[in-house]
Amino acid sequence: TAPAALARQLGLAPGAPVFHTLIVHSEEGVALQCEDRYVNPACAPDYLRVDFTKTTPTHYLFEVTAMWRAQYSIEAALPTRREAALLGIGVHEPCLVVVRRTFTRDAAITIARLVQPGSRYALHGEFAP
């Protein structure tokens with residue numbers, strides 16, 4: 001269920017159902033990103049049935065939603081204890097933290113916290129809906 005602050009961010013009523021995934025993305029056995037994502041069930045009702053070993057949450061959401069806009073926050077920050085443990089790094093290792101919220105015309109689709117160890121990641125990208 002969505003606590004009040006999360007419910008506000010996703011446009012849900014406090015206590016409403018919300019989908020949650022916590023995924024560690026790795027390459028050649030090295031953890032590169034911790035993805036902590038909440039999804040509005042009305043926008044992607046089959047989200048929790050997806051095999052995320054075969055596709056990413058972002059790719060799946062692009063396929064099933066009509067994304068209209070996105071908000072980003074990017075900062076250098078320390079990981080939480082849980083994120084550090086999942087990434088196999090110390091709690092004092094600087095990370096690149098991206099918080100992204102996406103929307104359809106009418107509703108918030110998702111909010112994701114993406115944490116990358118600074119020593120293993122550089123941000124490059126291009127965006128188009």
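Scope of this entry: the structure provided in the associated data block. What you are looking at is a predicted structure, and each value in this text was computed from that prediction instead of being measured.

About the cut-offs
- Residues numbered from 1 in each chain as written.
- Predicted model: local features only at pLDDT ≥ 70, side-chain atom pairs only at ≥ 80, totals over all residues.
- Heavy atoms only, no water.
- Patch = residues over 30% accessible without salt bridge, like charges linked within 9 Å, V, L, I, M, F, W, Y side chains within 5 Å.
- Areas by Shrake-Rupley, 256 points an atom, 1.4 Å probe, with all protein chains shown as cover.
- Salt bridge = Lys/Arg side-chain N within 4 Å of Asp/Glu carboxyl O.
- Helix = DSSP H or I, 4+ residues; strand = E, 2+ residues; numbered from the N terminus.
- Buried < 20%, exposed > 50% of the residue type's maximum accessible area, 1.4 Å probe, protein only.
- Polar contact = N/O pair within 3.5 Å; in protein donor to acceptor, adjacent residues only side chain to side chain.
- Contact = heavy atoms within 4.5 Å.
- Pairing = 2+ DSSP bridges.
- Axes fitted to C-alpha atoms, helices over the stretch in contact; angles between N-to-C directions.

**Quick look at a nonpolar patch on the surface**
Line of reasoning, step 1. Taken together, the side chains of Phe62, Tyr72, Ile74, Tyr121, Leu123 and Phe127 make up a nonpolar region of the molecular surface, amounting to roughly 580 Å² of accessible area.
Line of reasoning, step 2. Within the fold, Tyr121 resides in the segment after β5 (108-117).
Line of reasoning, step 3. A relative accessible area of 31% means that Tyr121 is categorised as partly exposed.

**Thoughts on the side chain of Thr104**
Line of reasoning, step 1. Following the sequence through the fold, Thr104 ends up in the loop between β4 (95-103) and β5.
Line of reasoning, step 2. One polar contact links the side chain of Thr104 to the main-chain amide nitrogen of Asp106, over a distance of 3.1 Å.

**Quick notes on the environment of Leu86**
Line of reasoning, step 1. Looking at the element boundaries, Leu86 is found in helix α3 (residues 81-87).
Line of reasoning, step 2. When its relative accessible area of 35% is taken as the criterion, Leu86 is described as partly exposed.
Line of reasoning, step 3. Put simply, Leu86 and Ile23 are 63 residues apart on the chain and 9.1 Å apart in space, counted from C-alpha to C-alpha.
Line of reasoning, step 4. Look past the residues within four positions of Leu86 in its chain and what remains in contact with it is Leu22, Val24, Ala31 and Cys34.

**Topic: the side chain of Thr65**
Line of reasoning, step 1. By the secondary structure assignment, Thr65 is in the loop between α2 (57-64) and β3 (69-77).
Line of reasoning, step 2. Separated by 2.5 Å, the side chain of Thr65 and the backbone oxygen of Leu61 make a polar contact.
Line of reasoning, step 3. Not counting chain neighbours up to four residues away, the residues in contact with Thr65 comprise Cys43 and Ile109.

**A word on the sheet that holds β5**
Line of reasoning, step 1. Read across the sheet, five strands follow the order β1-β2-β5-β4-β3 without closing on themselves; strand pairing throughout is antiparallel. Where the open sheet ends on each side, the last strands, each with one partner, are β1 (19-27) and β3. Mean inter-strand twist for the sheet, computed between neighbouring axes without regard to direction, equals 15°.
Line of reasoning, step 2. Judged from the six bridges that link them, strand β2 (residues 30-39) and β5 form a sheet pairing that is antiparallel. Its bridge partner lying in β5, Glu35 is registered against Leu114.

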